[in-house]
Amino acid sequence: MKSRDHSKVDMLKRSLLRVLFMLILIFLLFRLRKYPNLVEEYYSLSIYPFIRTAFQFLFNSIPFSFGDIIYLIIILGIITGLIGIITRAINKRFRQSGLVFLKLIFSLQVALLIFYLLWGLNYFRQPASARLDLKDSSFETSELMAISSMLIDSLNSSHAALRPADLIRSEAVVYSRSVQAVQQLSLTDPAFRTFQPMIKSSILSPLLNYLGTAGYFNPFTGESQINNEMPLFLRPFVACHEMAHQIGFAAEDEANFVGFLSGISSNDRLLKYSTYYLASQEFLTEVWKTDSMAFKLMRNRISKPVLNDFKTERDYWTRYQGNTAKLSSIFYDNYLKANKQPEGLKTYNRMIKLSIAYYRKKGFFKKML
């Protein structure tokens, strides 16, 4: 009996040492946040392109989201582990409960390490502004108003250009047009270079509704997933946003910006409208923070059909709002802050700086003088 107890104690000690060792590895990995140039040269530009290509070769031919299956297995494993910990503790088998707990922690640590090695290190690379030679540190209020006004005009005209067939488009066509836009953008600058981008519908879409999630990128399989239950006009831009993650733009503001460039450069009517729709929301939110009167004037310029789409989107997400969505927002906010995005969920709005810097570089404001 004593030898068995000693054996359990030894197993606990070994498990604890493994957990501590993984903590050290993760700590060292996070130290790379201080060396963006190193990450850029040796990981993002050298190692990650091979990982991305390998994933696309392996998973693009699978018609469903393989990454969703992996997530379901992980969730099931966590639930099983927690049940094992609780039941053993209730039965006063505290050493066994502690052993299961340490095994669960170690498994999560391994998953975290794999996450960063397969994709997450892109959070620590040079910012897109440096890679694209864009000065995005600040912008003038006049620049914000000028771009916002232009976006509203483009939003109204792109909706007016839609045809009835665009609004009943199949998923396959929506996704293929978004893929074409991303591929076209990749020809314009090495920073956007990709291999075979692809978007898939998530089999977890019903759950994503309750989490308030339009789409996500799976770093364990390199798949870009989209919530295929949300309104059709939202999906094209979200698809481009998720494929931007696939390229290696980890930060949310950067993925939004790449999605924006993909959409405005496309000849596809629905994708162009989807892009101006999301971009106008981003800019109008910033206008509202800056000048509420200017916001009201700009909002009054939005056409009635577009305002109807705003209502459609708002009503859709409102149906699923609740504690689950709030908890997921808190979790994701802290996740972003841990990965060199100190503004958390507000990071999505930082694409405004990149967009204004882009138009400034293109001479947009000089044309207005």
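It should be emphasised that the depicted structure is a prediction, and the values quoted were computed from it without experimental measurement. (Residues numbered from 1 in each chain as written. Predicted model: local features only at pLDDT ≥ 70, side-chain atom pairs only at ≥ 80, totals over all residues. Heavy atoms only, no water.)

1. Focus on the overall build of the protein chain
- Helices and strands together make up the secondary structure of the protein chain, namely 17 helices and 3 strands.
- Counting every position in the protein chain, which comprises 369 residues, the buried fraction comes to 48%.
- Sequence separation of at least 24 residues holds for 77% of the intrachain contacts in the protein chain that already meet a minimum separation of 6.
- Entry remark: accessible area of the protein chain is about 19,200 Å², with carbon and sulfur atoms responsible for 63%. (Helix = DSSP H or I, 4+ residues; strand = E, 2+ residues; numbered from the N terminus. Buried < 20%, exposed > 50% of the residue type's maximum accessible area, 1.4 Å probe, protein only. Contact = heavy atoms within 4.5 Å. Areas by Shrake-Rupley, 256 points an atom, 1.4 Å probe, with all protein chains shown as cover.)

2. A look at unusual backbone geometry
- Its identity is not glycine, yet K92 carries a phi of approximately 60°, on the positive side.
- Within the secondary structure, K92 is located in the loop between helix 4 (66-90) and helix 5 (94-118).
- For K92, a relative accessible area of 66% corresponds to the exposed category.
- Backbone geometry at D133 places phi at a positive 55°, although glycine is not the residue there.
- Here D133 is to be found in the loop between helix 6 (128-131) and helix 7 (141-160).

3. Some points on the packing of helix 11 (residues 252-264) against helix 12 (residues 269-290)
- At a closest axis distance of 8 Å, the pairing of helix 11 and helix 12 adopts a crossing angle of 140°. In terms of orientation, helix 11 and helix 12 fall into the oblique class. In terms of crossing hand, the pair formed by helix 11 and helix 12 is left-handed. Each of N256, G259, F260, S262, G263 and I264 in helix 11 lies in contact with helix 12, whose residues at this interface are L271, K272, T275, Y276, A279 and E282.
- In terms of residue class, the contact of helix 11 with helix 12 is built from 5 nonpolar, 5 polar and 2 charged. (Axes fitted to C-alpha atoms, helices over the stretch in contact; angles between N-to-C directions. Parallel < 35°, antiparallel > 145°, perpendicular 65-115°, else oblique. Left-handed = near helix turned anticlockwise from the far one by under 90°. Nonpolar A, V, L, I, M, F, W, Y, C, P; charged D, E, K, R; others polar.)

4. Some details on the pattern of salt bridges
- Scanning the entire structure with this criterion turns up 11 salt bridges.
- D268 is the partner of R177 in a salt bridge, and the nearest nitrogen-oxygen pair spans 2.6 Å. In this pair, R177 is assigned in helix 8 (residues 171-186) and D268 in the loop between helix 11 and helix 12, connecting sequence segments 91 residues apart.
- One connected set of salt bridges, linked through shared partners, spans D166, R169, R177, D268 and R269. (Salt bridge = Lys/Arg side-chain N within 4 Å of Asp/Glu carboxyl O.)

5. As for the packing of aromatic side chains
- All told, the structure shown has 24 aromatic pairs when counted by the stated rule.
- Ring plane angle 65° and centroid distance 6.4 Å describe the contact between F260 and Y359, whose orientation is recorded as edge-to-face. Taken together, the residues F260 in helix 11 and Y359 in helix 16 (residues 351-361) connect sequence positions 99 residues apart. No difference in accessibility class separates F260 from Y359, as the two residues are buried. (Phe/Tyr/Trp six-rings, centres within 6.5 Å; stacked < 30°, edge-to-face > 60°.)

6. Describing the sheet that holds strand 3 (residues 223-226)
- Taken in spatial order, the 3 strands make up an open sheet running 1-3-2, and their pairing is mixed. The sheet terminates laterally at strand 1 (199-201) and strand 2 (215-218), the two strands that pair on one side only. This sheet shows a mean twist of 30° between the axes of neighbouring strands, independent of strand direction.
- Note: strand 2 against strand 3, 4 bridges, orientation antiparallel. Residue pairing for strand 3: G215 is matched across the bridge by I226. (Pairing = 2+ DSSP bridges.)

7. What about helix 4?
- Between its first and last C-alpha atoms helix 4 spans 37 Å; for 25 residues at 1.5 Å apiece the expected length is 36 Å, and the two agree.
- Residues G67, D68, G81, G84 and I85 constitute the buried set of helix 4.
- In the core, the buried residues of helix 4 are packed alongside helix 5, strand 2 and strand 3.
- Remark: K92 follows helix 4 within two positions and exhibits a positive phi of approximately 60°. (Expected span 1.5 Å × (residues − 1).)

8. Some remarks on the nonpolar core
- Counting 66 residues, the largest nonpolar core has I147, L151, L155, F260, Y277, F283 and Y359 as the members making the most contacts within it.
- Here this core takes 10 residues from helix 12, the largest share from any one element.
- Setting aside residues no more than four positions away along its own chain, Y277 makes contact with L155, F233, L234, V306, D309, F310 and E313. (Core = buried A, V, L, I, M, F, W, Y, C linked by side-chain atoms within 4.5 Å.)

9. What to know about a nonpolar patch on the surface
- A cluster of nonpolar side chains, namely F64, F66, I69, L72, I73 and I203, defines an oily patch on the protein surface of about 510 Å² accessible area.
- Along the chain, the position of F64 falls in the loop between helix 3 (48-59) and helix 4. (Patch = residues over 30% accessible without salt bridge, like charges linked within 9 Å, V, L, I, M, F, W, Y side chains within 5 Å.)

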